[in-house]
Every structure is written in structure tokens, then in C-alpha cells.
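Residue-level listing of the chains:
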Amino acid sequence: MADSSEKPATHMRRSINKVRTNIWKREWRQAVHSMLVLPRNYLRGLALLIKRPRLAQELVAREQRIKELKSNLARERRKIRQLKKPERRQIPIGSVHYGDLRRLRPISQKFGFDRGKPIDRYYIENFLAHWSGDIRGRVLEIGDNSYTQRYGGSRVKVSDVLNIAEGNPQTTIVADLTRADHIPSDTFDCIILTQTLQFIYDVRSAIQTLHRILKPGGALLATFPGITQTSCREYGECYCWAFTQLSARRLFEETFPAASIGIEAHGNVLAVMAFVHGLAVEELRREELDYHDPDYELLITLRAVKPEAALSQGRRAVERLRRAIMRPRSRSEGKALILIYHRVTELRSDPWSLAVSPERFAEHLDVIRQYALPLGLKQLVQRLLDGELPDRSVVVTFDDGYADNLHIAKPLLERYDIPATVFLTTGYIGHERGFWWDELDQLLLQPGTLPESIYLKINGSIYQRDLGEAAHYDEDAARRYRNWRGWQDVPTARHSMYISLWELLRPLAEGERRQVLDELLTWAGTESENRPTYRPLSLEEAINLAQGELVEVGAHTVTHPFLSTLSVASQRSEILDSKANLEEILNRPVTSFSYPYGSRSAETVAIVRKARFACACSTHAELVRSSTPRFRLPRVHVADWDREEFTRRLSRWFSD
Ligand SMILES: [Zn+2]
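These figures come from a predicted structure and were not determined experimentally.

### A few points about the environment of S393
And step 1. With respect to the secondary-structure elements, S393 resides in strand β12 (residues 393-400).
And step 2. Residue class for S393 comes out buried when judged on its relative accessible area of 0%.
And step 3. Distance from S393 to A372, taken between C-alpha atoms, is 5.7 Å for residues 21 residues apart in sequence.
And step 4. S393 has contacts with K335, A336, L337, L373, L375, L380 and F654, leaving out every residue within four places of it along the chain.
And step 5. Separated by 2.6 Å, the side chain of S393 and the backbone oxygen of P390 make a polar contact.

### Concerning helix α10 (residues 269-276)
And step 1. A271, V272, A274 and F275 are the residues of α10 that are buried. Taken end-on, α10 shows its buried residues confined to a sector of 165 degrees, consistent with a single buried face.
And step 2. Close packing links the buried residues of α10 with α5 (119-130).

### Regarding the nonpolar core
And step 1. Of all hydrophobic cores here, the largest spans 55 residues; its most connected members are F361 and L413.
And step 2. For this core, the element with the highest residue contribution is helix α13 (residues 358-371), accounting for six residues.
And step 3. When neighbours within four sequence positions are excluded, L413 is seen to be in contact with F361, L365, V396, F398, I418, A420, L550 and V551.
And step 4. Listed in part, the 33 residues of the second largest apolar core include I183, A222, F243 and L302.

### A closer look at unusual backbone geometry
And step 1. For Y597, which is not glycine, the phi torsion reads 55 degrees and is therefore positive.
And step 2. Relative to the assigned elements, Y597 resides in the loop between β19 (592-594) and α22 (602-610).
And step 3. A positive phi is found at R612, a non-glycine position, where the angle reads about 65 degrees.
And step 4. For R612, a relative accessible area of 69% translates into the label exposed.

### Observations concerning the pattern of salt bridges
And step 1. Taken as a whole and judged by the stated rule, the model has 30 salt bridges.
And step 2. Between R514 and E510 there is a salt bridge, with the nearest N and O atoms lying 3.3 Å from each other. Here E510 and R514 lie together in helix α19 (residues 510-524), a separation of four residues that amounts to about one turn.
And step 3. Judged by relative accessible area, R514 falls into the buried class, the value being 12%.
And step 4. The closest approach of N and O atoms between K579 and E583, which form a salt bridge, is 2.8 Å. With K579 and E583 both in helix α21 (residues 568-586) and four residues apart, the pair spans about one turn of that helix.
And step 5. Assessed through its relative accessible area of 10%, K579 is described here as buried.
And step 6. Through salt bridges that share partners, R433, E439, E510, R513, R514 and D518 make up one connected network.

### Observations regarding the coordination of the zinc ion
And step 1. Here the zinc ion is held by D400 (OD), H556 (NE2) and H560 (NE2), and the distances to it run 2.0 to 2.2 Å.
And step 2. Mapped onto the sequence, the residues coordinating the zinc ion show the spacing D-x155-H-x3-H. Comparing H556 with H560 shows no difference in burial state: the two are buried.

### Let's talk about the packing of helix α16 (residues 436-444) against helix α18 (residues 493-505)
And step 1. Packing of α16 against α18 leaves a shortest axis separation of 10 Å and a crossing angle of 155 degrees. Compared by their axis directions, α16 and α18 come out roughly antiparallel. Taken as a pair, α16 and α18 cross one another with a handedness that is right-handed. Contacts between α16 and α18 involve W436, W437, L440, D441, L443 and L444 on the former and, on the latter, R494, M497, Y498, L501, W502 and L505.

### Digging into the side chain of Q442
And step 1. Note on placement: Q442 falls in helix α16.
And step 2. Under the relative-accessibility criterion, Q442 is labelled buried at 15%.
And step 3. Setting aside anything within four residues of it in sequence, one finds Q442 in contact with E527, E529 and R531.

### What about a nonpolar patch on the surface?
And step 1. A contiguous nonpolar surface patch, about 480 Å² in accessible area, is contributed by L101, I227, V269, L270, M273, V276 and Y296.
And step 2. Tracing the sequence through the fold places Y296 in the loop between α11 (286-290) and β7 (299-305).

### Digging into the sheet that holds β7
And step 1. Read from one edge to the other, the open sheet built from seven strands follows the order β3-β2-β1-β4-β5-β7-β6, with strand pairing classed as mixed. On the outer flanks of this sheet lie β3 (173-174) and β6 (261-266), each paired with one strand and no other.
And step 2. With seven bridges joining them, strand β5 (residues 214-225) and β7 adopt antiparallel strand pairing. Its bridge partner lying in β7, L221 is registered against R303.
And step 3. Strand contacts of α5: β4 (188-194), β5, β6 and β7, with the helix running at about 20 degrees to β7, the strand carrying the most contacts.

### Regarding the packing of aromatic side chains
And step 1. Counted under the stated rule, the structure contains 23 aromatic pairs.
And step 2. With a centroid separation of 5.4 Å and an interplanar angle of 80 degrees, the aromatic rings of Y122 and Y123 are classed as edge-to-face.
And step 3. On the basis of relative accessibility, which here comes to 10%, the residue Y122 falls in the buried class.
And step 4. Joined through ring pairs, the aromatic side chains of W352, Y402, Y428, F435, W436, W437, W484, W487, Y498 and W502 make up one cluster.
And step 5. Here the basic side chain of R303 rests over the ring of W131, its NZ or CZ set 4.1 Å away from the ring centre.
And step 6. If you follow R343 out to its NZ or CZ, it ends over the ring of Y534, 5.2 Å from the centre.

### Observations regarding a positive patch on the surface
And step 1. Positive charge collects at one region of the surface, where R13, R14, R75, R77, R78 and R81 lie side by side.
And step 2. Those elements that place two or more of their residues in the positive patch are α1 (2-25) and α4 (53-88).
And step 3. For the positive patch, the leading source of residues is α4, giving four residues.

### With respect to the environment of I263
And step 1. Relative to the elements of secondary structure, I263 occurs in strand β6.
And step 2. Along the backbone, I263 and T223 are 40 residues apart, and their C-alpha atoms lie at a distance of 9.5 Å.
And step 3. With sequence-adjacent residues up to four places away left out, I263 is seen in contact with Q245, A248, R249, I300, T301 and L302.

### Regarding the pairing of β5
And step 1. Among the 12 residues that make up β5, 11 are buried, leaving the element largely enclosed by the rest of the structure.
And step 2. Here β4 runs beside β5; their pairing, made up of six bridges, is parallel. Pairing of F188 across the sheet is with L214, part of β5.
And step 3. The β-α-β motif built from β4, the intervening helix α7 (residues 203-213) and the parallel element β5 has right-handed crossover chirality.

Quick notes on the rules
- Residues numbered from 1 in each chain as written.
- Predicted model: local features only at pLDDT ≥ 70, side-chain atom pairs only at ≥ 80, totals over all residues.
- Heavy atoms only, no water.
- Helix = DSSP H or I, 4+ residues; strand = E, 2+ residues; numbered from the N terminus.
- Buried < 20%, exposed > 50% of the residue type's maximum accessible area, 1.4 Å probe, protein only.
- Contact = heavy atoms within 4.5 Å.
- Polar contact = N/O pair within 3.5 Å; in protein donor to acceptor, adjacent residues only side chain to side chain.
- Arc of directions from axis to C-beta.
- Core = buried A, V, L, I, M, F, W, Y, C linked by side-chain atoms within 4.5 Å.
- Salt bridge = Lys/Arg side-chain N within 4 Å of Asp/Glu carboxyl O.
- Donors = N, O, S within 2.8 Å, 3.2 Å for Na, K, Ca; no water.
- Axes fitted to C-alpha atoms, helices over the stretch in contact; angles between N-to-C directions.
- Parallel < 35°, antiparallel > 145°, perpendicular 65-115°, else oblique.
- Left-handed = near helix turned anticlockwise from the far one by under 90°.
- Patch = residues over 30% accessible without salt bridge, like charges linked within 9 Å, V, L, I, M, F, W, Y side chains within 5 Å.
- Areas by Shrake-Rupley, 256 points an atom, 1.4 Å probe, with all protein chains shown as cover.
- Pairing = 2+ DSSP bridges.
- Phe/Tyr/Trp six-rings, centres within 6.5 Å; stacked < 30°, edge-to-face > 60°.
- Lys NZ or Arg CZ within 6 Å of the ring centre and 35° of its normal.
- Lys, Arg positive; Asp, Glu negative; His and termini not counted.
- Charge placed at Lys NZ, Arg CZ, Asp CG, Glu CD.
- Right-handed = clockwise from strand over helix to strand, strands pointing away.

See the structure below:
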């Protein structure tokens, strides 16, 4: 406002300067000063008047013009001061003129309907007009379909009206948005939801329904009240909420991807005051309605788009094609993420962050279903070969072959219809003893008492340690260090011993490792304990796991060695034997491989390739791109993250 009002004054000042410059440029500049300014040169000025009368006249006229311009400038300045006055003026306490507003009842209680157009409608209608392109195809509106008709026009093919109860003849769907399981998913191209959510107590469930029934790529156009009258009289007990831009954003970000949400607040103190008094749009000036003061949120508008990634098979193909046509080749390159899980369970200690709780795993799958394109590993490899990697695709994999993969993970994968590849270490299938790192965990990180010192020969060297006080490890200590991870500082001598032994055991051949573990058990005075939660899959369970179309079984060697440290011959037998074992057990080809610990050399890759695997996964955390070699597929380790953390990490990977 201040900017545009100052323009005339600036312009005026420039004109004065221009006139002045012209005068000063002329040869008679001296004479002007002589005649008008300096009395001692008066005679020279008079002489000019006599000698060049026209010039002198022109001078006088110009001085006159300067005077006029100056007075115009002063007038404009006064106007500006006047315009700014109400904004700047401090009204002394007790001097505010309330006029018609000094009343305890609002001027109208009908939101302004009885005086013209309610003020919130001004913002609602501007918003819908702005996004009218979204109002197309099959459109759902709440209450009636007036906005659908007004802003959608011929773009609308089917118009649905939702009401919570029967009675309105326009109603095509009777539903409570918080429990609307009878409305099919992926149904609407657009949902117009104006001033509705404030009446729904369980807003979250309603937002989830809206997301679910929206078609992928479809838009939700929603508006909510901010500062408002609650109208208990008209709507009784059901007016629950008023929103802010922030609360609306956070609520919707729980269900829609943050990047797909556009949100704005509208209003200012005058508009809010007029609105709560029930005045109408016609009673304010347009600039007064349009002025935006972020501290006065009269109305919030939100547009959220359901991601296209969750498209159905048929539409996905069409969409892919459309994208391929629309974008230049280099920009159409998709990014995929392969996730590594190990276990779906809860553990008392988890030094390598291998376990994700069943609840969290279900949340991860839900997020993948909503925001990404779940793909099987085989499909991903096929797409890589075809040179058309779909963007935001996510592949779920499991390493090692724990029994919980069948009993806990598979039912959840089925519930969300998300494929996964499970890499089995064939030597452990049906094994009575668990994985060596779990035995080490059982020995050192579970409560109990150990001898205070150890003296052992491992791989030709002496291993000597004193546990001191840490020889005794009680429930409290185990609880305290429950979240300790192998890459963090060691809190006790037991943890230090765990890490040093883990490093010593990892490169050993299976036989040597077992021997050391047995010696450790003897030292500890215990026996290997079969902990059911740490059990690898049995033979029958491995077969059950592979049943159906959803879970692919891949190979992860026989004994889980650090491949790059083995001889080529040993590597070959680890790789080929695990493939052959699995093919025999499952009676189907096994074409995916994963390198234990991600360890591999150039020979390893050559052996895998020659063994007729179609791909091999490493543990290098990276996105898969069209140029990624299929025998060095990177994967990202997933920890026990909650929904928010998992979503944040996923979107960070994809925004890379
Ligand atoms: Zn592994």
C-alpha cells in the first residue's frame, strides 16, 4: 500500500529535476543567478532581460512551473500521510469509536447469508475457481453439488453427493467419512470438501477415507474454518474444530505426502471482525478482503493430490507411457529403492539393528503402499533391462532366513499386497543352533554371570580379557543397554568383548567359528540354547515361505561367509551350493542372490553372473537408477523406525 501511494510524489520530484537540468544546461545559467539570486549582479540580469527578452520570459515561466510542481508534491505527500494515518495512528485508550459494533449480539447470526455473500465464501470460491481444472471426471461433493456444477462444468462426467443421512434427493452416497468402508477405493478424480471437517470429531479417520477413495492423481479441494463463529444453534453439538494452517498441514501430512499438499490461510483483522459479526462480502472493499495478515486466519484452503505411484496396473501402464511421452528421456529416469530387513519381531538386545517390530513393519508397508510403487525384485530387474525403471518404486528384501519372516512378515506382506524377496542362508535352514552372531549375543548380552577372565586361542592368536565387574550382568543392566548398537561406544567390558569377538569370528570359516563358539560356551559353563525367537526357518517353513506369488526366495550362500576373503573355489561352492540347495528344496529356479555383509570381489560377481543368477544385492546404501549394474544392486538398511521417521527417510531418498 505504501509503495503505490508514493509513486505520484516520486514522479513529481523527477519532473522538477528535469526542468532544472534543462535550465542549468543553457548558456544563460549565469544570468538567472545574476538576475534572481544575486543582487550584486542585478545589473547583469537586467542587461539579459533587455538583450534577450524571450529567454528571460522563458526563465520566469519555468520558475513558475517549478513552484507549481513543488506545491503538487506537497499535496501528494499530505495525501500519503492521510492514507497511512489510520494504520499508524495509536488510538488512545478509551477513545476507540465502536459505532455499530458496540453490541453483545452479532449484527447477523447467519454468517452473512441474510445480508449477501458470507465472507468466508469469498475465499472458498476464489480457491475453487483457481483450482477448477481439478474438478473433472468423477467428482464427489459433500451436502450438494453446487460447486461441482459451477466450477467443473463440462469437465465433470459423474457428480456424486455425500451426506451422512438420507433425506436430500441429490444424495448419491450416504456415509460417515470416518467409517465409510462401503465406498470403494480409488473412485474419485476430485473431492470438494468445503467447511466439513469441523463437524467431524475423528478427523484423522475422515482424512484417511478421503485419501483412500480418491483416485491416484486425483485432487482433494478442502476448506476449513479458522477464526469463526461456531454456530451451535444451527448445527447443534457437532461443531468440533477450528483449524490453523499448521494443524491442517500436520493432519494431512499424516496421510498425504507433504510435497503434494498446498495450503493457504486467508483474512485479516477487518475481514475476521466483519465475518464474526455476520457481515457480507458486499460490505467490504475488495482490497480489504484480499489483504492477507498471517496472524488472522479466517479460512484455510488446502489442495492435496493422491500420488500417482499407487496407480492400478492398467492405469500405471498408461501413466508410464504418458510420462515417457511428455518428458525428455533424461528426465524420465526413475529411481528405485531396495530395502533390507532381517527380522520382524521384538528383541531384548539388537546390536546390529536387525529387528523391526510387527507394528512398525505394518506401518512401513502402509507407507510404501501409499507413497511409492511396490515392486518385486524380479520385476525391478526386468524394468532395468527394459530401460524403463518406474519412479519411486520400492522393493522389500529380507536377508538370512529367520522363522519370523514366514510367521510374522509374510502375513503382513499379504495384507498390504506387497511382494518381497527373502534371501536364505541354506546351511542354517532347519539348523538347531541359531546364527553365530545370535549365539554370541546370547552368551554376552543377556543377563547372567560369566567367569571374570578369559584366555582362548583363536585363529592361532591368544585372546585374553578381563570382564571384572561386568562378569555379572543383571536384568537392569540388560534393560539399560537394550538400545546399544555395535557401532556405538561400548558401555561395559561385556560389550567390548562382544565387539572384539564378533570381529574375530566374522572372517572365520564356518567350522572354525563353531569350534570357537563351542569353546566360549564351555568357558561360560553353558550350552547353546535354542531360543525360539532366534530360530532360522525349518525346511517345511522355507517351502511355505516360497508358496504363492508374493514371496520370492533368493540365495544368501550356505554358511554366510565374508565372501571376498575366501578362495575362488570356496566362493564358488558357497554360491553354487546355496542355489542348488534351494532349487532342490523349492523345485523352482532361484535367480536372485545377496552377498552376506555385502562382501564381494570381482571374482565373486563373475561367479554369481556365471551361475545364472539374474541379479545380486549388496548392502551399499544407494538408490537404484537405470545405470545401476544388476549384480551390484544397492540396498538401504531399515531399522525399527516409526511411521513418521520411515516416511521422512523414504521421501528424502526419493528427493535426492
Ligand atoms: Zn546376511
